[in-house]
Amino acid sequence: MKTAPRLRYFANIRLPTEKAHGAQIMNMCEAFADQGVRVELIVPRRTTAISQDPFGYYAIRENFTITYLPATEITWAGRVGFAVQTARYVLQACGMVKKSSSNDILYTRDAIVAFAFSFLRVKFFWEPHTPSRRWMVARILTHASGIIPITDGLDRYLRDIRPSFNSCVAPDAIGEAFIRTHYDAIAARKKLGIPEGAKVVMYLGSLSEGKGYRQLCKISGGLKAKGISVVIAGGSQKEASQLRGQYPDVIFLGQTRYAELAENQAAADILVIPNTADSAISRLYTSPMKLFPHMASGRPIIVSDLPSLREIVDEKSAFLFHPDSEGKNLQNMIEYIFSHSEEARRRAEQAKKDVVRYTWNGRAKNVVQFIKTN
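Residues numbered from 1 in each chain as written. Predicted model: local features only at pLDDT ≥ 70, side-chain atom pairs only at ≥ 80, totals over all residues. Heavy atoms only, no water.

Draft legend 1. Summary view of empty space enclosed by the protein. Applying the stated criterion to the full structure yields one cavity of 30 Å³ or more. Taken as a whole, the largest cavity holds about 30 Å³ of empty space. Every residue lining the largest cavity is listed: Ile 150, Thr 151, Pro 171, Thr 286, Ser 287, Pro 288, Leu 291, Ser 308, Glu 311 and Ile 312. (1 Å grid on protein atoms, 1.4 Å probe; cavity = no way out; pocket = protein on both sides within 12 Å on 5 of 7 lines; lining within 4 Å. Points joined across faces, edges and corners; volume = space filled by probe spheres on them.)

Draft legend 2. Up close: the pairing of strand S7 (residues 199–204). The element S7 is largely enclosed, with a buried count of five among its six residues. Direction of pairing for S7 relative to strand S8 (residues 228–233): parallel, over a ladder of six bridges. When the sheet's bridge partners are listed, Val 201 is paired in S8 with Val 230. Sheet topology places S7 next to strand S10 (residues 270–273); two bridges connect them, and they run parallel. Its bridge partner lying in S10, Met 202 is registered against Leu 271. (Buried < 20%, exposed > 50% of the residue type's maximum accessible area, 1.4 Å probe, protein only. Helix = DSSP H or I, 4+ residues; strand = E, 2+ residues; numbered from the N terminus. Pairing = 2+ DSSP bridges.)

Draft legend 3. Spotlight on the layout of surface pockets. In this structure, the second largest pocket occupies an estimated 470 Å³ of space. If you go around the second largest pocket, you meet 21 residues; those closest to its centre are Asn 27, Ala 59, Gly 175, Ala 177 and Phe 178. Where the lining of the second largest pocket is concerned, the elements lending two or more residues are helix H1 (20–34), helix H7 (176–180) and helix H18 (360–372). Here the residues of the lining of the second largest pocket sort into 11 nonpolar, five polar and five charged. (Nonpolar A, V, L, I, M, F, W, Y, C, P; charged D, E, K, R; others polar.)

Draft legend 4. Structural context of the nonpolar core. With 74 residues, the main nonpolar core has Phe 32, Leu 41, Met 202 and Leu 291 as its most contacted residues. Non-local contacts of Leu 41, meaning those with residues more than four positions away in its chain, are made with Tyr 9, Ala 11, Leu 15, Ile 25, Met 26, Cys 29, Phe 64, Thr 65, Ile 66 and Thr 67. (Core = buried A, V, L, I, M, F, W, Y, C linked by side-chain atoms within 4.5 Å. Contact = heavy atoms within 4.5 Å.)

Draft legend 5. Layout of the packing of H1 against H18. H18 packs onto H1 with a crossing angle of 65° between their chain directions and a minimal axis gap of 8 Å. If you check the angle between H1 and H18, you find them roughly perpendicular. Crossing handedness for the pair H1 and H18: right-handed. In this structure, H1 uses Gln 24, Asn 27, Met 28, Ala 31, Phe 32 and Asp 34 to contact H18, whose residues at the interface are Trp 360, Asn 361, Arg 363, Ala 364, Val 367 and Val 368. Of the residues belonging to the contact of H1 with H18, the class tally is seven nonpolar, three polar and two charged. (Axes fitted to C-alpha atoms, helices over the stretch in contact; angles between N-to-C directions. Parallel < 35°, antiparallel > 145°, perpendicular 65-115°, else oblique. Left-handed = near helix turned anticlockwise from the far one by under 90°.)

Draft legend 6. Representation of the environment of Pro 44 within the structure. Mapped onto the fold, Pro 44 is located in strand S2 (residues 38–44). A relative accessible area of 2% places Pro 44 in the buried class. Sequence separation of Pro 44 and Ala 296 is 252 residues, and the distance between their C-alpha atoms is 34 Å. Excluding residues that lie within four positions of it along the chain, Pro 44 makes contacts with Ala 11, Asn 12, Ile 13, Tyr 68, Leu 69, Ala 71, Gln 85 and Tyr 89.

Below, the structure written as structure tokens:
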């Protein structure tokens, strides 16, 4: 009986982590395994405040293995500490690669790991999510067997550095079970402590500045005067506590799990992805994971009118607004949606139809086929 190929996924991350990249990696490992590939996820054994095991935390089937490498954690040393930890992980990863079978598929999202692999004369595949140092990228593109950028914009950025390389553009995605699962709005609101009859505009995600969530915060007072509540789920409890003092009209829920996203978004009337245009990553290269669950939610979604997001949605499936306009355009859009319920329903239904093209299994199938031909 022929043995299935082994995909060794190298990821220098804390696991579990509350950040989206942890969910993305775990979902892809599960989906790769569903394609008949033996998957080994290789991560450093870094400390994490999350006590639950990764499979349970992300609600992922245990159809692949996780290998933990010894880690040097000196977080008190800041960038120097992270550099030390990264160097140790990369050296261990290279040691494992040297002992790998020639049939193994070597895969990573990390530019520094891909850069190190480029010196080992092995076949490897790189899935970039953001731009990296051009001199590093140039070498990776020269030596990688294939590149899997998450957006067309990122693919164009890479080709500006080196025009010729094999690529398979693969946006982020959503689980098929996620599409089929529906939660009761009343129960979801009760769980989160949101009044049943409130008009709710919700942002779910990290509280980094490039995400644009402050645009919602700034208009929360004006929306409250119209009977509309702004709810923000994400960030640490410390961040949420600090923001409550700055924006008393916003309901901050604090950190939530990715596995609870479908249930949490069911509490919303409108979902918002207000990415800023100031950041090139946000404007041109990102593929926000939450966009796909939002599309599956049956709720109208408002997204910043940016090239990166227009790769997935348009005026038929979402409401697009001009970001960074001090929130005025966003507030007008929110009020418009609440007063045009039929149009909002049509666009939400179109988004639900469109999102079936973006599943983790579909993404994994395309990537595995790309790997086989390269």
